[in-house]
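Reading the structure
Each chain, written out:
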Amino acid sequence: MSTTQFGKSGWTPDRIENLNGKTFVITGTTSGTGFEAARILLSKGAKVVMLNRNPQKADEIVATLKKDLGSNIDVLSVIMDLGEQASVKRAAAEVLEKVSRIDALMCNAAIAQVPTRKLTVDGFESQLGVNHYGHFTLQGLLFPLIEKSHGRIVTVGSMGYDMGLKTIKFDDMNWDNDYTPNDAYSQSKLAQIMSVYELQDRLKAAGKTGVKVYACHPGSSRTSLISTSGSLMMRIIFGLMKLSPLTQPAENGAYPELMCATEDNLDQILFYGPTGRNNWVGPVGAHHLEPHAKDKAVAERLWAVSEQATGINWEL
Ligand SMILES: NC(=O)c1ccc[n+]([C@@H]2O[C@H](COP(=O)([O-])OP(=O)(O)OC[C@H]3O[C@@H](n4cnc5c(N)ncnc54)[C@H](OP(=O)(O)O)[C@@H]3O)[C@@H](O)[C@H]2O)c1
């Protein structure tokens, strides 16, 4: 597959047909790419389950979407804080109780560039805890229904996987030493991406070919990411970047995850995102992934560490 698989403009939501009868579960829809993805899926007739940590913002988003798309949209809001394993477990149980199928679980939510080292209530470095361990648990608990539905898991990574240490700091997962916001964020996104390809291998080994798992990223998109958790300096830098052609609207940033959630015949072994300059902007398709993201020994060890940290055993 080449970046031209979808033509010069790359993949766009025009390719999505009617999604009546399909259910998509998305984390982090109060802003940015998650909001845009939810809006587009609902506009195509899908049922969307939104998993957000802030009840007030979640209610406001439902109201905004109903105002924009009509009060008959099929949207369900479930409260979940990815930074608290107990909350993720509660939310997963609620989803399993309320929906009968999951066509795609879209692991979109994240925090980034947290200026000083923080720990989640479970004692994990905050970006690792929210971005990786939170989604690891959610995926593990929703997997049986995704499998029953022949659905997909879509992980929203970042080009940050290729920054920082470019491997997993197994001897110091929680950054007791040498914390920097970028290194810790980059590691959390690398961990998420590595887990996609490791899960693919595990599913294949278990003969479970009905579930597809994809890794993608939104490029450099104008969202709330840095203003939510970044330092003042990072907010200024990203504020300036937002004025340049090196960034794109949040809607375009939603396209890779929408593509992975809906497009037929996508090759799982590839990595999806904008194919223009630096992979920050441009037509959406598959593009190069550096080999460290598929280092098998690191991925296997990360999987074992993640199962142990979260207590989630996939039993594939
Ligand atoms: N924007 C970019 O240029 C860029 C670049 C590379 C990768 N990404 C990735 O793209 C994805 C979407 O980010 P975005 O840019 O759209 O950022 P965003 O506008 O800040 O949206 C992030 C979403 O995640 C939610 N969230 C944060 N912490 C959470 C938690 N503990 N539990 C549940 N939800 C939580 C936020 O909710 P609140 O409203 O409650 O904060 C928000 O809905 C992320 O995975 C990010 O790493 C973005």
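Residues numbered from 1 in each chain as written. Predicted model: local features only at pLDDT ≥ 70, side-chain atom pairs only at ≥ 80, totals over all residues.

Looking at an unreviewed UniProt entry, one finds the chain named SDR family oxidoreductase, with Neolewinella aurantiaca as its source organism.

**Digging into the sheet that holds strand E4 (residues 104–107)**
Let me state the cut-off plainly: In short, DSSP must find at least two bridges between two strands for them to pair. Only DSSP runs of H or I reaching four residues or more are called helices, and only runs of E reaching two or more are called strands; each is numbered from the N terminus. Here an angle of 0 to 180 degrees is reported between the N-to-C directions of two axes, which are lines fitted to C-alpha atoms, with helices fitted over the stretch in contact. Here the contact rule is simple: place C-beta atoms from the backbone, and any two residues whose C-beta atoms are within 7 Å are in contact.
Read from one edge to the other, the open sheet built from eight strands follows the order E3-E2-E1-E4-E5-E6-E9-E10, with strand pairing classed as mixed. The strands lining the two open edges of the sheet, one partner per strand, are strand E3 (74–79) and strand E10 (284–287). Mean inter-strand twist for the sheet, computed between neighbouring axes without regard to direction, equals 25°. Bridging between strand E5 (residues 152–156) and strand E6 (residues 212–216) involves five bridges; their strand directions are parallel. Among the inter-strand pairings, Ile153 is bridged to a residue of E6, identified as Val213. Against the sheet, helix H3 (residues 85–98) makes contact with strand E1 (23–27), strand E2 (47–52) and E3, and its axis sits at roughly 150° relative to E3, the strand it touches most.

**Some points on the site of the ligand**
Threshold: Defining nearness, a residue is near a molecule or strand when the C-beta atom obtained from its backbone falls within 6 Å of it. Residues were grouped as follows: Ala, Val, Leu, Ile, Met, Phe, Trp, Tyr, Cys and Pro as nonpolar; Asp, Glu, Lys and Arg as charged; and all remaining residues, including Gly, as polar.
Taken together, 33 residues form the shell around the ligand, and within it Gly28, Gly32, Ala109, Ala110 and Thr223 come nearest. Elements that contribute at least two residues to the shell around the ligand include exactly helix H1 (32–43) and helix H6 (225–229). Broken down by class, the residue content of the shell around the ligand amounts to ten nonpolar, 20 polar and three charged.

**Quick word on the environment of Gln127**
With respect to the secondary-structure elements, Gln127 resides in helix H4 (residues 126–148). With 16 residues separating them in the primary sequence, Gln127 and Ile111 have C-alpha atoms 6.1 Å apart. Residues within four places of Gln127 in sequence aside, it is in contact with Ile111, Ala112, Val114, Ala184, Tyr185 and Ser188.

**Comments concerning unusual backbone geometry**
Although it is not a glycine, Gln113 adopts a positive phi angle of roughly 55°. By the element assignment, Gln113 lies in the loop between E4 and H4.

**With respect to the packing of H3 against H4**
Between two packed helices, the angle of one axis relative to the other and the distance separating the axes together describe the packing. How we decide: Small angles under 35 degrees read as roughly parallel and large ones over 145 as roughly antiparallel, with 65 to 115 read as roughly perpendicular and the rest as oblique. We call a crossing left-handed when the near helix sits turned anticlockwise from the far one by less than a right angle, and right-handed when that turn is clockwise.
H4 packs onto H3 with a crossing angle of 25° between their chain directions and a minimal axis gap of 9 Å. Between H3 and H4, the angle falls in the class roughly parallel. Note that H3 runs across H4; the crossing there is right-handed. For the pair H3 and H4, the contacting residues are Gln85, Val88, Lys89, Ala92, Val95 and Leu96 in the first and Gly134, Thr137, Leu138, Leu141, Leu142 and Leu145 in the second.

**Structural notes on H3**
Worth spelling out the cut-off: For a helix, the expected span equals 1.5 Å multiplied by the residue count minus one. Labels follow a simple rule on C-beta atoms placed from the backbone: if 20 or more others lie within 10 Å of a residue's own, it is buried; if 12 or fewer, it is exposed; otherwise it is partly exposed. Directions drawn from the helix axis to the C-beta atoms are what define this arc.
An ideal rise of 1.5 Å per residue puts 20 Å on 14 residues; H3 measures up with 20 Å between its terminal C-alpha atoms. Among the residues of H3, Gln85, Val88, Ala91, Ala92 and Val95 are the ones counted as buried. Seen along its axis, H3 keeps its buried residues to an arc of 120°; they face one direction. Facing away from the buried side of H3, by more than 90 degrees, are the exposed residues Ala86, Ala93, Glu97 and Lys98. Those residues of H3 that are buried lie in contact with E1, E2, E3, H4 and helix H9 (296–310).

**Brief notes about the environment of Arg235**
Tracing the sequence through the fold places Arg235 in helix H7 (residues 232–241). Judged by the 15 C-beta atoms lying within 10 Å of it, Arg235 is partly exposed. Distance from Arg235 to Arg301, taken between C-alpha atoms, is 35 Å for residues 66 residues apart in sequence. The contacts of Arg235, once residues within four sequence positions are left out, are Ile226, Ser227 and Gly230.

**With respect to the pairing of E6**
For a regular strand, side chains alternate in direction, first toward one face of the sheet and then toward the other. Quick reminder of the rule: Here the term right-handed applies to a crossover when the path leading from its first strand over the helix to its second strand runs clockwise, the strands being oriented away from the viewer.
With four of five residues buried, E6 lies mostly within the body of the structure. Running through helix H5 (residues 181–205), the crossover from E5 to the neighbouring parallel element E6 is right-handed.

**Description of helix H8 (residues 250–262)**
For an α-helix, 3.6 residues make a turn, and residues three or four places apart therefore share a direction. Which entries qualify depends on this criterion: One axis fitted to the seven residues ending at a residue, another fitted to the seven starting there: the angle between these axes is the bend at that residue.
Counted at 1.5 Å a residue, the expected span for H8 with its 13 residues is 18 Å, and the 19 Å between its end C-alpha atoms agrees. Taken as a whole, H8 carries its principal kink of about 30° at Pro256. Burial analysis of H8 places twelve of its 13 residues in the buried class, the great majority of the element. Taken together, the buried positions of H8 are occupied by Ala250, Asn252, Gly253, Ala254, Tyr255, Pro256, Glu257, Leu258, Met259, Cys260, Ala261 and Thr262.

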